Structures are given as structure tokens and as C-alpha cells.
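Residue-level listing of the chains:
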Amino acid sequence: MTVAFEKYDGAGNDFVVVDADGDPVEDRAAFARVHCDREVGVENEAGARHGADGVLFLSLDADAAPPRVTMTLVQPDGSIAEMCGNGARCVAAWAADRTDATTFDIDTPAGTRRAVVDDEVAVEMGVPRFDPADVPLAADEPLVDAVLDELDGTPAAGLAVTAVNTGVPHAVVFVDDVDAVDIDAVAPPIRHADAFPEGANVTFASAADEGFRQRTYERGVEGETRACGTGAVAVAAAAKRLGRLHGGADWITVTPPGGDLAVAVPEDGPARLRGPARKRFEGELPVPEDDRIAGVTGEAALGADRLDEGSER
Ligand SMILES: N[C@@H](CCC[C@H](N)C(=O)O)C(=O)O
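None of the values given here were measured: they were computed from a predicted structure.

Mapped onto the present numbering, the UniProt feature "active site" (unreviewed entry) falls at Cys84 and Cys228. Taking the farthest pair of C-alpha atoms as the criterion, the annotated set spanning 145 residues converges on one region, since that pair is 7.7 Å apart. Topologically, cysteine 84 is positioned in the loop between strand 5 (80-81) and helix 2 (85-96). A tally of 28 C-beta atoms within 10 Å means that cysteine 84 is categorised as buried.

The following block contains the structure:
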């Protein structure tokens, strides 16, 4: 059995998109594990890049005003993310490709988010939260620019971490140069720290001309992605809290490896995230049974098995 899919990306954060209305995928976690695999997953249009940062299962109510989309992001390890900023922007682009509308309400596990499509896509991201119960954080006080003793003896020792929830938990670390960070070594001890009972995405930021450069190691992907929207908002929110935002501009530029994102974190309202999002290609994908796809090589099955090991938060 196969299912129709489209591939979208938002500033390089890429997703397999499946219309959930009438979709035959019963085991969504198995589907995501197999097709997101960066070695053997879905190929891009040039055959140059495999896999994806997640699968968006979407249900569109085009008759609502504005049209509504229910969004479920299943990550490469099979977990469901409460929110995804670039995913939400891809959702709006997907809905705009199917309707005459330019404004959409997107229902996510983190709440409903309003998105507007023009030459780019802007999405409302909620108010960043620092309270320990909201992150969540195993602490009585917010974790702001603090060194965690539990990181002693790890490659992350001595780094100052700010914890913030921008729909999902982020640990933000400001460094002099994000490109100098050995992210696969430094991020995992923070991502799995006891301070974060549900784990955390780990976002590194360094000051740039009009904002910040960003690199994020994502929970659920268990690796670095080319962009992360909740991470970009986390950088701006943490920078604001720490007095690192200068100039008073409404919007700042946050630049992950995949392209520029614009972020606003006003005093009195939800954060906003703006940037490119577009469809790349489409096709049909086999629906796996028990993490295996009939007719796909043993290498694919090995990839799926390997990802099983990382499926716990
Ligand atoms: N790439 C996303 C974030 C997805 C969620 C994250 N991996 C988690 O499990 O918290 C974004 O653009 O925000």
C-alpha cells in the first residue's frame, strides 16, 4: 500500500506532508522512522538529500473562517512534537496551495496558532514561557544564564543555559561563534540533563549584525536540523530576557544554516516568526508494516531499527 505525500521545507527544516483525511497510515511512528531516515529515507528531487525532519499529518477544514488545519508532527524517532514553528509555516503554505485563503488557524497540541501567507509565511508563536512548570524544568526558579553542575565532566561543562518554552522546551546557550560548537558532542548532555524532565531542544546562538546566528540540536530528530522555528523564537526571547537585544527593532533576524528567519518578541503579546516555506516535490510512499517496508532494501530496515533506540525522551 502507498500514500500520496508532498515535501515542504521552511528555511531548510524539511517535512514529509500527508493529508490525514482518508490517509491509510495506521502506524504513524513507524512511517516517520522509515521515511525520515537521513540515509535511506525519502529522496529529494535531485536525489541529493534523503529523509526529513518529521512527518506532518494534516487535516484541513476549508469551510471554516479562516480555514483551519489540524497539525500533528511525528518526528523521526516516532514521538509527537507539541509545536513546530517551521512546520506550522509549512502547514500554512500547504493550506494556501489548496485554498484561496491567505490566513489560517492551525491547531497544534500547544494551542491554536494564526498564520498569514504572502511571499513568505508568518505564524503567531504564543508567549515564550520561562516558569519552571511551563518549560518544564526540575527547579524552583527559572533557569536563566545558569551553569548546571550536572554537566560537569561532559563536553557541555561550564556553559550557561537559559531554559524557555516556545511551544516546546529549549535550552539556549549563547556562545561567541556557533560554527565553532561541536554540536553532536556538546548538545546531548544538555538535551538529556535531569533538569529537563521531558528533554529539551538545545539551541546555540551567537551575535550577528542584525540579530543572531543559530544552530539547534532537536529532540526527536536527535541531531542538528538546518533550521528550527521554536529555536529561533527561543533565541530572541532569551536574548531579550538577558538584555542582549539592542536597537529596539520590532523584528530581529535569526539565521540558522538553512536561511534567514525574522522573529518578533513583543512585551505585550505573542511572539511571531516569519520566513520562507514552500513545496519542493511530491510522490507516493509505501506504508510500512512494523517499521519494515516490503520491497525496500535491508539497509532501510536497519536504519529504522537503529532509530528505535533513540525513541525515548
Ligand atoms: N523544528 C521545529 C521544532 C520541532 C519540535 C522539537 N523537535 C521537539 O521535540 O521539541 C521548529 O521549527 O520549531
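Now that the structure has been shown, we can carry on.
Once that is clear, we can look at the site of the ligand. Inspection of the region around the ligand gives 18 residues, with Ala81, Asn86, Val168, Gly229 and Thr230 positioned closest. At the level of secondary structure, the elements contributing two or more residues to the shell around the ligand comprise helix 2 and helix 4 (229-241). The dominant element in the shell around the ligand, judged by the number of residues it contributes, is helix 2, at 3 residues. When residues are assigned to domains, the shell around the ligand turns out to be shared by domain 1 (2-126 + 278-308) and domain 2 (146-268), each giving three or more.

Time to look at the environment of valine 202. Here valine 202 lies in strand 12 (residues 201-208). Residues valine 202 and histidine 170, 32 residues apart in the sequence, show an inter-C-alpha distance of 5.7 Å. Among all residues touching valine 202, those that are not within four sequence positions of it are Ala171, Val173, Ala187, Ile190, Arg191, Thr216 and Tyr217.

Moving on to the UniProt feature "binding site: substrate" (unreviewed entry) in the protein. Under the feature "binding site: substrate" (unreviewed entry), the UniProt entry names Asn13, Gln75, Gly85, Asn86, Asn201, Glu218, Arg219, Gly229 and Thr230. Inspection of the secondary structure puts arginine 219 in the loop between strand 13 (211-218) and strand 14 (223-225). Its 25 C-beta neighbours within 10 Å are what place arginine 219 among the buried residues. Within the element layout of this structure, glycine 229 appears in helix 4. According to the C-beta neighbour criterion, glycine 229 is buried, with 31 such atoms within 10 Å.

It is worth spelling out the pairing of strand 1 (residues 2-10) at this point. As paired elements, strand 1 and strand 18 (residues 278-286) share 8 bridges and run antiparallel to each other. Bridging from a neighbouring strand, tyrosine 8 pairs with lysine 279 of strand 18. Across 5 bridges, the pairing between strand 1 and strand 2 (residues 13-19) is antiparallel. Across the sheet, tyrosine 8 pairs through a bridge with phenylalanine 15, a residue of strand 2.

Further remarks concern the domain arrangement of the protein. With domains assigned, the protein is organised as domain 1 (2-126 + 278-308) and domain 2 (146-268). Examining the composition of the side of domain 1 that touches domain 2, we find that 3 residues originate from one element, helix 2, more than from any other. Of the residues assigned to the side of domain 1 that touches domain 2, the class counts are 7 nonpolar, 8 polar and 4 charged.

Conventions used here
Residues numbered from 1 in each chain as written. Predicted model: local features only at pLDDT ≥ 70, side-chain atom pairs only at ≥ 80, totals over all residues. UniProt positions renumbered as here; feature names shortened; annotations may be inferred. Helix = DSSP H or I, 4+ residues; strand = E, 2+ residues; numbered from the N terminus. Buried ≥ 20, exposed ≤ 12 C-beta atoms within 10 Å, placed from the backbone. Near = placed C-beta within 6 Å. Domains from an automatic or database assignment. Contact = placed C-beta atoms within 7 Å. Pairing = 2+ DSSP bridges. Nonpolar A, V, L, I, M, F, W, Y, C, P; charged D, E, K, R; others polar.

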